[in-house]
Amino acid sequence: ALESTLQLQALSEHLLEISRTERQAAYIQTFDLQKTVLDVLDNYADRLAQQHITVHRPTGEAPTMIDADPLLTERAVHNLLDNVLQHADARHLTITIENDHILRIQDDGRGLDEATRAVLFQPFGRSDEGTSHGLGLYLVRSIMQAQQGEAVFVPTSQGAIFELHFRSGTPA
């Protein structure tokens, strides 16, 4: 009963978040993507360590400035990390920032079958296994669209790769 209640609560929270994202304009501003990602990773450090996931963090001396909504971006990264924790069965997580506006999150977990890939970013799209309600990646896609960006699944032979493509950043 408690597990069902928690699942219903998580579903309600995701539905509310989707509703807010779809009707609110993104607050676009220039901020440091790398710092935001590192802050989110710090918040997840204990949970990742409990599952024995080694994290390879983005490294760079110069800030990675992008034009996006920092709170929505943070939420998208949270959702992608939640997916790794809940579904990937991963041991390594690599997060990089490419071309100053693409955030890549790659794990070495079990990956996604074709049926799951087909419904990844659809509302309530999920695999037959697991207890997911299928809204996390839909929310990530909605968040990125609200910022004139894109959420992308990159096919790979092992694990999963998700990318968040932001508008090109402002030179530092």
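See above for the structure.
These notes cover the structure that comes with them. (Residues numbered from 1 in each chain as written. Predicted model: local features only at pLDDT ≥ 70, side-chain atom pairs only at ≥ 80, totals over all residues. Heavy atoms only, no water.)

1. Some words on helix α5 (residues 136-146)
1) Next: Judged by how many residues are buried, α5 sits mostly within the fold: eight of 11 residues are covered.
2) Next: Within α5, burial applies to Gly 136, Leu 137, Tyr 138, Leu 139, Val 140, Ser 142, Ile 143 and Met 144.
3) Next: Phi turns positive, to about 60 degrees, at Gln 148, one or two residues after α5. (Buried < 20%, exposed > 50% of the residue type's maximum accessible area, 1.4 Å probe, protein only. Helix = DSSP H or I, 4+ residues; strand = E, 2+ residues; numbered from the N terminus.)

2. Considerations on the pattern of salt bridges
1) Next: Applying the stated criterion across every chain yields a total of five salt bridges.
2) Next: The shortest N-O distance in the salt bridge between Arg 47 and Asp 82 comes to 3.4 Å. Of this pair, Arg 47 sits in helix α2 (residues 33-50) while Asp 82 sits in helix α3 (residues 70-88), and the two are 35 residues apart along the sequence.
3) Next: For Arg 47, a relative accessible area of 36% puts it in the partly exposed group.
4) Next: One salt bridge connects Arg 104 with Glu 98, and the closest N-O pair in it is separated by 3.5 Å.
5) Next: Using a relative accessible area of 28% as the deciding quantity, one classes Glu 98 as partly exposed.
6) Next: In this structure, a network of salt bridges that share partners links the residues Glu 98, Arg 104 and Glu 163. (Salt bridge = Lys/Arg side-chain N within 4 Å of Asp/Glu carboxyl O.)

3. A word on the environment of Leu 38
1) Next: Inspection of the secondary structure assignment puts Leu 38 in helix α2.
2) Next: Between the alpha carbons of Leu 38 and Ile 95 there is a distance of 9.6 Å; along the sequence they are 57 residues apart.
3) Next: Residues contacting Leu 38, with those up to four places away along its chain left out, are Arg 57 and Pro 58. (Contact = heavy atoms within 4.5 Å.)

4. Remarks on the sheet that holds strand β6 (residues 150-154)
1) Next: If you walk across this open sheet you meet the five strands as β2-β4-β5-β7-β6, and the pairing is mixed. Edge positions in the sheet fall to β2 (54-56) and β6, since each has one partner strand and no second. The mean inter-strand angle of the sheet, taken between neighbouring strand axes irrespective of direction, is 15 degrees. (Pairing = 2+ DSSP bridges. Axes fitted to C-alpha atoms, helices over the stretch in contact; angles between N-to-C directions.)

5. Remarks on unusual backbone geometry
1) Next: Of note, the phi angle at Asp 89 is positive, near 55 degrees, even though the residue is not glycine.
2) Next: Here Asp 89 lies in the loop between α3 and β4 (92-98).

6. Things to note about α3
1) Next: Along its 19 residues, α3 runs 26 Å from first to last C-alpha, staying within 8% of the 27 Å computed at 1.5 Å per residue.
2) Next: Most of α3 sits out of view: 14 of its 19 residues are buried.
3) Next: With a side-chain oxygen positioned 3.0 Å from the backbone nitrogen of Leu 71, the residue opening α3 is Asp 69.
4) Next: The positive-phi residue at the C-terminal boundary of α3 is Asp 89, with phi of around 55 degrees. (Expected span 1.5 Å × (residues − 1). Polar contact = N/O pair within 3.5 Å; in protein donor to acceptor, adjacent residues only side chain to side chain.)

7. Points about the environment of Thr 96
1) Next: Structurally, Thr 96 is set in strand β4.
2) Next: For Thr 96, a relative accessible area of 26% translates into the label partly exposed.
3) Next: When the C-alpha positions of Thr 96 and Glu 163 are compared, they lie 9.5 Å apart, and in sequence the two are 67 residues distant.
4) Next: With sequence-adjacent residues up to four places away left out, Thr 96 is seen in contact with Pro 58, Ile 102, Leu 103 and Arg 104.
5) Next: At 3.3 Å, the side chain of Thr 96 and the side chain of Glu 98 are in polar contact.

8. Here's the deal with the nonpolar core
1) Next: Ranked by size, the top nonpolar core spans 37 residues in total, and within it Leu 81, Leu 93, Ile 95, Leu 103, Phe 162, Leu 164 and Phe 166 carry the most contacts.
2) Next: Those elements that place two or more of their residues in this core are α2, β3 (65-68), α3, β4, β5 (102-107), α5, β6 and β7 (160-165).
3) Next: Broken down by element, this core gets its largest block of residues, eight residues, from α3.
4) Next: Leu 103 has contacts with Leu 33, Val 37, Val 77, Ile 95, Thr 96, Ile 97, Phe 162, Glu 163, Leu 164 and Phe 166, leaving out every residue within four places of it along the chain. (Core = buried A, V, L, I, M, F, W, Y, C linked by side-chain atoms within 4.5 Å.)

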